[in-house]
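Read off the chains here:
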Amino acid sequence: MTQARIFRAETALHNHGGRGGAELPGHGKRGGPPRTSGHVTEKMAVFPWHSRNRNYKAELASCRLETVPLECGDYHPLKPITVTESKTKKVNRKGSTSSTSSSSSSSVVDPLSSVLDGTDPLSMFAATSDPAASGTVTDSSRKKRDKDDSSFVGPDFEPWANKRGEILARYTTTEKLSINLFMGSEKGKAGAMTSAMSEKVRTRLEELDDFEEGSQKELLNLTQQDYVSRIEELNQSLKDAWASDQKVKALKIVIQCSKLLSDTSVIQFYPSKFVLITDILDTFGKLVYERIYSMCADSRSALPDHFSPENVNDTAKETCLNWFFKIASIRELIPRFYVEASILKCNKFLSKTGISECLPRLTCMIRGIGDPLVSVYARAYLCRVGMEVAPHLKESLNKNFFDFLLTFKQIHGDTVQNQLVAQGVELLSYLPLYSPAMGWIFQCVSYHAPEALLTEMMERCKKLGNNALLLNSVMSAFRAEFVATRSMDFIGMIKECDESGFPKHLLFRSLGLNLALADPPENDRLQILNEAWKVITKLKNPQDYINCAEVWVEYTCRHFTKREVNTVLADVIKHMTPDRAFEDSYPQLQSIIKKVIAHFHDFSVLFSVEKFLPFLDMFQKESVRVEVCKCIMEAFIKHQQEPTKDPVILNALMHICKTMHDSVNALTLEDEKRMLAHLINGFIKMVSFGRDFEQQLSFYVESRSMFCNLEPVLVQLIHSVNRLAMETRKVMKGNHSRKTAAFVRACVAYCFITIPSLVGIFTRLNLYLHSGQVALANQCLSQADAFFKAAIGLIPEVPKTISIDGKLRPSEPFLLEFLCNFFSTLLIVPDHPEHGVLFLVRELLNVIQDYTWEDNSDDKIRIYTSVLHLLSAMSQDTYLYHIDKVDSNDSLYGGDSKFLAENSKLCEAVMAQILEHLKTLAKDEALKRQSSLGLSFFNSILAHGDLRNNKLNQLSVNLWHLAQRHGCADTRTMKTPHFQRGTVTSFRASSEEALAPRSEP
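If you're wondering where the values come from, they're calculated on a predicted model, not measured in any experiment. (Residues numbered from 1 in each chain as written. Predicted model: local features only at pLDDT ≥ 70, side-chain atom pairs only at ≥ 80, totals over all residues. Heavy atoms only, no water.)

Within the protein chain, the secondary structure is distributed over 46 helices and six strands. Within the protein chain, the fraction of its 1001 residues that count as buried is 47%. Taking all contacts inside the protein chain whose residues are at least 6 apart in sequence as the whole, residues at least 24 apart take part in 74%. Accessible area of the protein chain: about 51,200 Å², with a carbon and sulfur share of 53%. (Helix = DSSP H or I, 4+ residues; strand = E, 2+ residues; numbered from the N terminus. Buried < 20%, exposed > 50% of the residue type's maximum accessible area, 1.4 Å probe, protein only. Contact = heavy atoms within 4.5 Å. Areas by Shrake-Rupley, 256 points an atom, 1.4 Å probe, with all protein chains shown as cover.)

What follows is the structure, given as structure tokens:
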């Protein structure tokens, strides 16, 4: 398709006429003089274009802001602002603020400045808060009160809630379970409707008797999941019964659930059962406490957060006593103990010493429980409740601990042994059941305990023969600093302890966990490692071995050099390679890698560890291997501060990045691809060979071949190569030698070859433009032309819609943005001597003309308007900007008349296209678009055209009238003072210039 066919020298425009159609600006009717009313002839001559001569330096100087001297004392951004209202106003056009004196004024303080004097709403609320001012007890006040009550325990105390999930996940069973469900009573429902107090009491007694007589149903052969579901149903039934004011039914449910804690028929599940049942007890205790607390409030005041029994009214006290009397009537020990412990907090309503008196009594009650497993969990629950309501009462905690030590030998008694034989449970599986309860008791006792008490507890354990289970609980519960400073003492105890049922390697694991949190004495560190590793390396079971080695790797990394770490990694490889044991221990192996890279931030040291890369080879499963590689790359990006060219680091990380890249396939999610590309790009950015630019380019060539499936990586490589070319230009200060010129051309060729392999259409367009600019800056003119031609040839392939973040968006706004940037570059691109004047602009206009635009889109005309701006800038004697050592057309042609004539022809052809489009908009539904485009074209002529030309002047006037016709103009824009002043000034200047003697073109 020829350019002349598209952009003719003459353009015929026809008037469609019709109802309401706006006529295009032009001359008057045929044979008549020109008119200013905006009527159009059926056939119009081409409007000549004359660009306005621009003095860019003068325009820049006139647009600069006026500097106003300002003293520091006059203004400060944080100074409160006072606004004065005045009846008379005076406008100062220079922008300074002034006002006349007013007869009446009011001072208005800036609302934002009030925060500086501390009068913000939150401060006012805190200053005026009064507990007695609240009339009723709300849910928010209850939550606040609960928080205050439990605030005695600091954040360094690990709450029970953190242990709950771990216990439920660890202690499971496949055996069948049984449960007793409360079935309710019709007699209880009828009694609930009686109004007389004596009838109500008798009915509740009958309900209790009915419960004792067996109004319950036993469910057998339940799976663990069914059992958990039934317990959750009981918890919900408790809440429902309480909400419906069936307090006795709620008590029955709690008693029934507490009885389940005496059942050890499925002993492996007991710790999880304890967690589930105590959740119900906690719910019951909270409901009772809130019930009594609400009875203490009246319409005038609420009970203070830290109240005393004197603040409690008689009704609340009587209700509280009634609950304790009901619980005291429970016949069986275990449910009576648990239910009373659940409402222990309610003793606060009765007396100041109620809790301190009840705790020792409940501690003594536990002595009546014969089963050591049941008793230790009862003590754990009492310690838990005690820490919640009275953490300062350490005596009862210590008494529970020492009572437990006295009864600990029961574990090896005949009763327990016979029970284990009956259930087919080995002692090695039975002893870990004690760990959660013992760990919690030890944690409560050791919390903020003095050194003397901790030492005494260690001595008590020694007297029991250094039992391994006790020693493990001590190391798990005591402060890490306490254990670390006595590491050698604990190692001696571990050596001498009784290992029956609890292997020593678990004790060393617990010791290692403490040493990961606190440092032992410096002189003992190597001996500690040797003593521990002697035991660990002798383990035959790979799972036992890796569980211990995982913990001690961190200790080794913290206190020793790469030599010791290399020894440990070699030992891990030795133990885990036979029979591919590593396949069952990927989580532990991943943990080891994370700990190593967390302590070795210098990657030259890390990769010089001989066994590090062989250790990575154990990750045979692709998904796990990729996750490990991602962890290493994240650490590298985070900790590597300076660019590197270390061959050890580069080879290792290239291998790791190649592993990540090769994991990409057709099923890989886009988010995963972005993450991998981000990590690989981070590595590429951190590689620098300094002034060895050729080696840097070789690295980019190798990276392109290795990471060709990740488009963001290829984009990063193209940008890096372009930056490398610009760094070469900077070093040579723009004066390339033969060698650097050849190197720059090699960089340009790299980009030209790589860009077509990308998928994103706009990514390719922008990279072609960017690479062309780099080539132009390095005086590679033919290469720059090749880039720009490739970009022009790619424009017809732009689809109507593109996908952005998973959503389809129209592509025309992005194409318009790209073309505007392209036009800015074409201004300084010199013409090729063999391709004619403005050959790139002509080719681009042909592509724009042939592109299929949306039917209701005006983007094509906006592009033509931008082309008109470009051509106007090209007609200036001196261009607005240049590239150093590149002669643009202003230097090549030097204002040659033939060049200007060709430029004007293109301008006229573009104007014809714009006017033709405006004419097609002469329809009712398109009048608003016609008005907007007419105003935009008017502004372009005003800014870039020479209005001394009569025809161009007349066209601008007609466009102005067209923009205002039919009431579709943007009046807010056209009525602004700045717009009107600029329009009037431009017309006045053009009129004055028109009076000067000149020849009419």
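With that settled, the discussion passes to helix α24 (residues 525-536). For α24, which comprises twelve residues, the first-to-last C-alpha distance of 16 Å matches the rise-based estimate of 16 Å (1.5 Å per residue) to within 8%. Among the residues of α24, R525, I528, L529, E531, A532, W533 and I536 are the ones counted as buried. Contacts from the buried residues of α24 go to α22 (487-496), α23 (504-515), α25 (542-559) and α26 (562-576). (Expected span 1.5 Å × (residues − 1).)

A word on unusual backbone geometry. Of note in this structure, D245 is not a glycine but carries a positive phi near 65°. With respect to the element layout, D245 can be found in the loop between α8 (224-243) and α9 (247-259). Of note, Q779 is a non-glycine position whose phi angle comes to about 60°, a positive value. By secondary structure assignment, the location of Q779 is in the loop between α36 (761-777) and α37 (781-794).

Turning next to the pairing of strand β6 (residues 807-810). The pairing of strand β5 (residues 801-804) with β6 spans four bridges and is antiparallel. Residue T801 lies in a different strand from β6, and its bridge partner there is P810. Counting the residues between successive antiparallel strands, the hairpin from β5 to β6 contains two residues, one of them, D805, with a positive phi of roughly 55°. (Pairing = 2+ DSSP bridges.)

Turning to the packing of helix α5 (residues 160-170) against helix α10 (residues 270-295), a few remarks are in order. One can describe the packing of α5 onto α10 by two numbers: an axis separation of 9 Å at closest approach and a directional angle of 135°. Comparing their axes, α10 and α5 come out oblique. Regarding α5 and α10, the two cross each other, and that crossing is left-handed. For the pair formed by α5 and α10, the contact residues are W160, R164, I167 and L168 on the first element and P271, S272, F274, V275, L276 and D279 on the second. Its residues assigned to classes, the contact of α5 with α10 comprises seven nonpolar, one polar and two charged. (Axes fitted to C-alpha atoms, helices over the stretch in contact; angles between N-to-C directions. Parallel < 35°, antiparallel > 145°, perpendicular 65-115°, else oblique. Left-handed = near helix turned anticlockwise from the far one by under 90°. Nonpolar A, V, L, I, M, F, W, Y, C, P; charged D, E, K, R; others polar.)

We now examine the layout of surface pockets. If you add up the space inside the largest pocket, you get close to 1,400 Å³. In terms of lining residues, the largest pocket is bounded by 45 residues, among which K163, E166, N472, S476 and L513 are the most central. For the lining of the largest pocket, the class distribution of residues is 19 nonpolar, 14 polar and twelve charged. (1 Å grid on protein atoms, 1.4 Å probe; cavity = no way out; pocket = protein on both sides within 12 Å on 5 of 7 lines; lining within 4 Å. Points joined across faces, edges and corners; volume = space filled by probe spheres on them.)

Along the polypeptide, G370 turns up in the loop between α13 (354-366) and α14 (372-389). A C-alpha to C-alpha distance of 9.6 Å links G370 and T407, two positions 37 residues apart in sequence.

With 78% of its residues at a pLDDT of 70 or more, the protein chain has an overall mean of 80. Confidence drops under pLDDT 50 across residues 991-1001; counting only partners more than four residues distant or on other chains, this segment forms eleven contacts. (pLDDT = per-residue confidence, 0-100.)

Let us look at the packing of aromatic side chains. Applying the stated criterion across every chain yields a total of 43 aromatic pairs. Taking 5.5 Å as the distance between ring centres and 75° as the angle between the ring planes, the aromatic pair formed by F478 and F482 counts as edge-to-face. Per residue, the accessibility class of F478 equals that of F482, and both read buried. Measuring from centroid to centroid gives 5.8 Å for F603 and F607, while their planes differ by 45°, and the two rings are tilted. Per residue, the accessibility class of F603 equals that of F607, and both read buried. Put simply, the rings of F157, W160, Y270, F274, F337, Y338, Y377, Y381, W440 and Y447 pair up and form one aromatic cluster. The ring of W242 has K247 lying over it, and the distance from NZ or CZ to the ring centre is 4.9 Å. (Phe/Tyr/Trp six-rings, centres within 6.5 Å; stacked < 30°, edge-to-face > 60°. Lys NZ or Arg CZ within 6 Å of the ring centre and 35° of its normal.)

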